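Geometric and topological summary
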Amino acid sequence: MSTTSSTARSASAPEAGWRGSFSLAERFDSPVTTYYLLLGATAMLVVIGLVMVLSASSVTSLRDTNSSYTVFLGQLRFAVLGVIGAFVASRIPVRLWKRLGVWVLGGSLMLQALVFTPLGVDVMGNRNWIAVGPVQVQPSEFAKIGLVLFGAAVLAKKRRKLGEYLHAFVPLVFPAGGLLLLLVLGGHDLGTALVLIAIIGGMLFASGVPTRVFVFAGAAAAVLAAGMVLTSGNRMGRISTWLAGACADPNGTGFQTCHGLYALADGGWWGVGLGASREKWQWLPEAHNDFIFSIIGEELGLPGTFVVMGLFAALAFACYRLVSRTDDFFIRVASAGVMVWILVQAIINIGSVIGALPVVGVPLPLVSAGGSALVTTLFGLGMLISFARNEPGCSEALSTRVGVVSRSLAVLPARRRRSRG
């Protein structure tokens, strides 16, 4: 009898395991998976960013303003504004997104042109900001949204003619993208220009443009980048330092990268503890901005850096699901544009911090301090959440879950009244 029961248990065990894995696979393939991946990864990156901005900026903020919370409170205000913008964006229907591209890009180009007026502000050699009173804005961040929307709408209309150079390049690359790049490069912001080029390339790739177009565009981009480096002593110094080794000139052009590596080395496997960074004590420049990843590694160790990179990987996977599962060509191209925007910017930032790439001054999306970047990135991800809600079955599943929660909460007062009676 015991032999029979044990045999039955052993026979049923593989079946139970198979059913469990099948159930997990079914849940992962749910129509709400993309929605919750985008929502969860974005929320976690914003929270991590706020915590690390508070930690990394506390010393310099205390020195400059007599308060350790000044930079953090400013970032918190922008985070709240960005969350509101993301919520609004998540409720905008797709048909309206298709009409907004020209207006958003046109407004961004006008704002970008203002950096060359008295409203323009220089920050560390880059003239890519405008200031109106106490408010300082980076127009090129808003231009990323405009470029994605405009490019997706144009490529969707020309989808059957994209095999021809003229239709592939006009008007996305010329004149729209070219004019935007000229304005950004005119302000000496090579990092943002590289991200804009990547966005255009990602959208063209997602739209199915032939490979020969990328060969031509890649060669042109390489010539442009080389020209920008050779005509700038600052950029040439950064490239030379990078080629020679991150700490080849620790007291000169390699100071920031070298101290970023010191921070990662100091953190070791498990970190020195949240708030216990040594490099943030005015050793590492831009500790709460471009080099916040170094402080994450120093305080939270290797697990902290892996969590951040894993969350970006989750965002990438969610975007890939949108690109591969949708039948709407506009959604496919726009999702690819936002995916490339966030991932390329994260790769450039992390690569600069660890010494794998030269420093070009690009913040880590959702994590680094910076109001314009945080608000626009959240708005872009809100747009992707809007697209995810349009996946077949997603809206119905979400409304069903909200209904279940509402009914569950409605039962509680009734139970309390019965128990009191």
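Basis of the calculations
Residues numbered from 1 in each chain as written. Predicted model: local features only at pLDDT ≥ 70, side-chain atom pairs only at ≥ 80, totals over all residues. Heavy atoms only, no water. Patch = residues over 30% accessible without salt bridge, like charges linked within 9 Å, V, L, I, M, F, W, Y side chains within 5 Å. Areas by Shrake-Rupley, 256 points an atom, 1.4 Å probe, with all protein chains shown as cover. Salt bridge = Lys/Arg side-chain N within 4 Å of Asp/Glu carboxyl O. Helix = DSSP H or I, 4+ residues; strand = E, 2+ residues; numbered from the N terminus. Bend = angle between axes of the 7 residues up to and from the residue. Phe/Tyr/Trp six-rings, centres within 6.5 Å; stacked < 30°, edge-to-face > 60°. Buried < 20%, exposed > 50% of the residue type's maximum accessible area, 1.4 Å probe, protein only. Core = buried A, V, L, I, M, F, W, Y, C linked by side-chain atoms within 4.5 Å. Contact = heavy atoms within 4.5 Å. 1 Å grid on protein atoms, 1.4 Å probe; cavity = no way out; pocket = protein on both sides within 12 Å on 5 of 7 lines; lining within 4 Å. Points joined across faces, edges and corners; volume = space filled by probe spheres on them. Nonpolar A, V, L, I, M, F, W, Y, C, P; charged D, E, K, R; others polar. Pairing = 2+ DSSP bridges. Axes fitted to C-alpha atoms, helices over the stretch in contact; angles between N-to-C directions.

On the surface, a nonpolar cluster with roughly 650 Å² of combined accessible area is contributed by Tyr 69, Leu 73, Leu 76, Val 80, Ile 84, Phe 87 and Val 88. Tracing the backbone through its elements, the reader meets Tyr 69 in the loop between α2 (33-65) and α3 (70-90).

Remark: the principal bend of α2, roughly 55 degrees, maps to Ser 58. After α2 finishes, the residue Asn 66 shows a positive phi value of roughly 65 degrees.

Scanning all chains against the criterion turns up 4 aromatic pairs. Judged by centre distance (5.2 Å) and plane angle (80 degrees), the rings of Tyr 35 and Tyr 36 are edge-to-face. Relative to Phe 387, the ring of Phe 330 has its centre 6.2 Å away and its plane inclined at 80 degrees; by these criteria the two rings are edge-to-face. Of this pair, Phe 330 sits in helix α13 (residues 329-353) while Phe 387 sits in helix α14 (residues 371-389), and the two are 57 residues apart along the sequence. As far as burial versus exposure is concerned, Phe 330 and Phe 387 are alike and both buried.

Now for the nonpolar core. The nonpolar side chains of soluble globular proteins are, as a tendency, buried together. In terms of nonpolar packing, the biggest core is built from 97 residues, with Leu 38, Phe 330, Leu 364 and Phe 387 touching the most fellow members. Considering every element that reaches this core, the biggest residue donor is α13, with 13 residues. Those residues in contact with Leu 38, other than ones at most four positions away along the chain, are Leu 315, Ala 318, Leu 322, Leu 381, Leu 384, Ile 385 and Ala 388.

Of the volumes computed, that of the second largest pocket is approximately 470 Å³. In terms of lining residues, the second largest pocket is bounded by 20 residues, among which Val 173, Leu 181, Ala 217, Ala 220 and Ala 221 are the most central. At the level of elements, α7 (172-186), α8 (190-206) and α9 (211-230) are the ones that each hand at least two residues to the lining of the second largest pocket. For the lining of the second largest pocket, the per-class residue count stands at 16 nonpolar, 4 polar and no charged.

The strand order across the open sheet built from 3 strands is β1-β2-β3, with neighbouring strands paired in antiparallel fashion. One side of each edge strand has no neighbouring strand; the edge strands of this open sheet are β1 (120-123) and β3 (135-137). In this sheet, neighbouring strand axes are inclined to one another by 40 degrees on average, regardless of whether the strands run parallel or antiparallel. Sheet analysis places β1 next to strand β2 (residues 126-132), joined by 4 bridges and oriented antiparallel. In the strand pairing of β2, Gly 120 is matched with Ile 130.

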